[in-house]
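Architecture and fold: a report
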Amino acid sequence: MQPRFSRLILSTLITLGILIALEIATSAFLPAIGWREHRLAFNVVIILFMALKVTTPLLPWFVMMLQLMHAAFSVEGWALGTLVGILVSLIASYLKEILQFSSAIATMVTVQLFQLVWYVSTAAIICLKLGSFEKFGMMFWNAMPGTLLLSLLSPLLFKLLDKVWNTESDVGRSGVEI
Amino acid sequence: MRRIVSESSKIKIINNLLVLVLALYGISQKRFDLEEMTLFQRLVVEVVAPVQKGFANSRQELSDLINNYVRIVNTSKENVYLKEKISRLESDLFQMEEIRRENFRLKQMLSYSEDIGQEKILAQVIGWDSANQFKVLRLNRGSNDGIRVMSPVITHMGLVGYIYRVGPNYSDVLTILDPNNRVDALVERTRTHGIVEGVFNYRCALKYINRTESIEVGDRLITAGVGGIYPKGVKVGMVTDIDREASGMTLGVEITPSVDFHKLEEVLVLMPKVATTAQVTTPVPETVKGP
């Protein structure tokens, strides 16, 4: 099924709006009420949703767009997340047949597993760039509490994004061709 | 049908390759110790930072909101009026207390800033980096206020970090908690040199300290003043743990920063020193701008 181009643009703009709101929440609202230990990387979950549930040849550009927006809130920059996002989406494209989102627990487990892949890759690339793997473990473990919380929130976020991308009718199966 | 699928696959592969190449180029150009904001980033930061600032400014109101909510969850209907009244009074009291604390902090900062022979700008912390791997905070001051990259950031308690990237009205500080920030430091008592690096969990490590050095828990660290970023003598932290069992030629030294990053609200950005000749002829007055 070919999507209407205007629908695609609208979904992208709404997703970017959601990302901005969530980035403001994690960088300003949560620290303001005392939550400063761990950041919730909502950009990762949104990219995972795109990789797992939206099938389009334009996916790499969407990932890049989301990361460009994320770069305004983090010195991580756009390139690292884009590279890892594409790697994760490639892995997801091979596993789509066996991945299920029929229940909240299935969504949480899938998101948690892909977040582990994400953070292993990110930490490895940063260490490669810095020329030392000394802080690899610390970088990875430091992100874990945030990933667990994000996995718990992921069914809600996926439900919201399902509505935005019109993939909600596709319960139990991943990957909607648009 | 097969042709359509293969066409779609080709487009997918081309898109993936194009973006991968762009991303790899981006990573190869990326520096974790200094960065210039792109026009797009400046634009987004200019739009979203006021919202972040709004949250930072309403810290007390948000805290009151949560406290009040928790407080009234179990109250009975008869007590609502009285509870609300008490809550209002407590909120006023909290606000008064907050103003008193802010006043105290600013006074401390002002008296500390008078001791530094350098021009400086008072800035407010309005946000933290949204990624876990980086310990960066955002200030409500930018290049329009005179802030430049690599300017040191301090408080009366000690060293915070340096300006990593700067926009017209906002700037980002790479704190000493970040593993990409390395500070040349001195142990105040023994004058031993070492490099302080962030190691997450609001702790730092002092590296390259010879095993024969007589460093003790409780020793204070100050900046060494070499490297051209930080002035000499700013407090960095205190030795809280020494691992003498660690293998190798150096000691494993854990540092607790002097600055309590959990409670950091205002900072001082030190401005680059003006040329010596200019200082002799026309002394630059010390100015502190409000947050």
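Residues numbered from 1 in each chain as written. Chains lettered and ligands numbered in written order. Predicted model: local features only at pLDDT ≥ 70, side-chain atom pairs only at ≥ 80, totals over all residues.

1. Structural notes on the pairing of strand β11 (residues 252-257) of chain B
Every regular strand shows the same layout, with side chains that alternate between the two sheet faces. All names here are of chain B. Only one face of β11 is buried, namely the one carrying Val253, Ile255 and Pro257, since none of Gly252, Glu254 and Thr256 on the opposite face is buried. Where strand β8 (residues 204-207) and β11 come together, three bridges link them in antiparallel fashion. In the strand pairing of β11, Ala205 is matched with Glu254. (Buried ≥ 20, exposed ≤ 12 C-beta atoms within 10 Å, placed from the backbone. Helix = DSSP H or I, 4+ residues; strand = E, 2+ residues; numbered from the N terminus. Pairing = 2+ DSSP bridges.)

2. Some remarks on the environment of Ser103 of chain A
Residues and elements named next belong to chain A. Looking at the element boundaries, Ser103 is found in the loop between α4 (79-95) and α5 (104-130). Exposure remark for Ser103: the 12 C-beta atoms within 10 Å place this residue in the exposed category. Remark: the alpha-carbon pair of Ser103 and Pro155, spanning 52 residues in sequence, is separated by 8.4 Å.

3. Structural notes on the packing of helix α2 (residues 42-53) of chain A against helix α3 (residues 59-70) of chain A
Residue and element names in this part refer to chain A. Two numbers describe how α2 lies on α3: the axes approach to 10 Å, and their chain directions differ by 170°. It follows that α2 is roughly antiparallel to α3 by the angle criterion. Listed contacts from α3 to Asn43, Ile46, Ile47, Met50 and Ala51 of α2 are Leu59, Phe62, Val63, Leu66, Gln67 and His70. Grouping the constituent residues of the contact of α2 with α3 by class yields eight nonpolar, three polar and no charged. (Axes fitted to C-alpha atoms, helices over the stretch in contact; angles between N-to-C directions. Parallel < 35°, antiparallel > 145°, perpendicular 65-115°, else oblique. Contact = placed C-beta atoms within 7 Å. Nonpolar A, V, L, I, M, F, W, Y, C, P; charged D, E, K, R; others polar.)

4. Topic: the nonpolar core
Counting residues in each nonpolar core, the largest one holds 108 residues, and the members touching the most others are Leu48 of chain A together with Val173 of chain B. Top element by residues in this core is α2 of chain A. It accounts for 10 residues. Contact partners of Val173 of chain B, with chain neighbours within four places excluded, come to Val136, Leu137, Leu139, Val153, Val160, Gly161, Tyr162, Ile163 and Tyr164 of chain B. (Core = buried A, V, L, I, M, F, W, Y, C linked by C-beta atoms within 7 Å.)

5. Thoughts on the sheet that holds strand β4 (residues 158-166) of chain B
All names here are of chain B. Sheet architecture is closed into a barrel: six strands sit in the order β1-β2-β5-β4-β3-β12, paired in antiparallel fashion. The average undirected angle you get between the axes of adjacent strands in this sheet is 45°. Pairing of strand β3 (residues 152-155) with strand β12 (residues 266-270) involves two bridges; the strand directions are antiparallel. Among the inter-strand pairings, Val153 is bridged to a residue of β12, identified as Val269.

6. Points about the interface of chain B and chain A
Counting from both sides, the interface comprises 43 residues of chain B and, opposite them, 45 residues of chain A. Elements with a minimum of two residues in the side of chain B that touches chain A: α1 (2-29), α2 (39-57), α3 (59-72) and β1 (120-128) of chain B. Broken down by element, the side of chain B that touches chain A gets its largest block of residues, 11 residues, from α1 of chain B. Split by residue class, the side of chain B that touches chain A holds 25 nonpolar, 12 polar and six charged.

Don't take any of this as a statement about function, it's just geometry.
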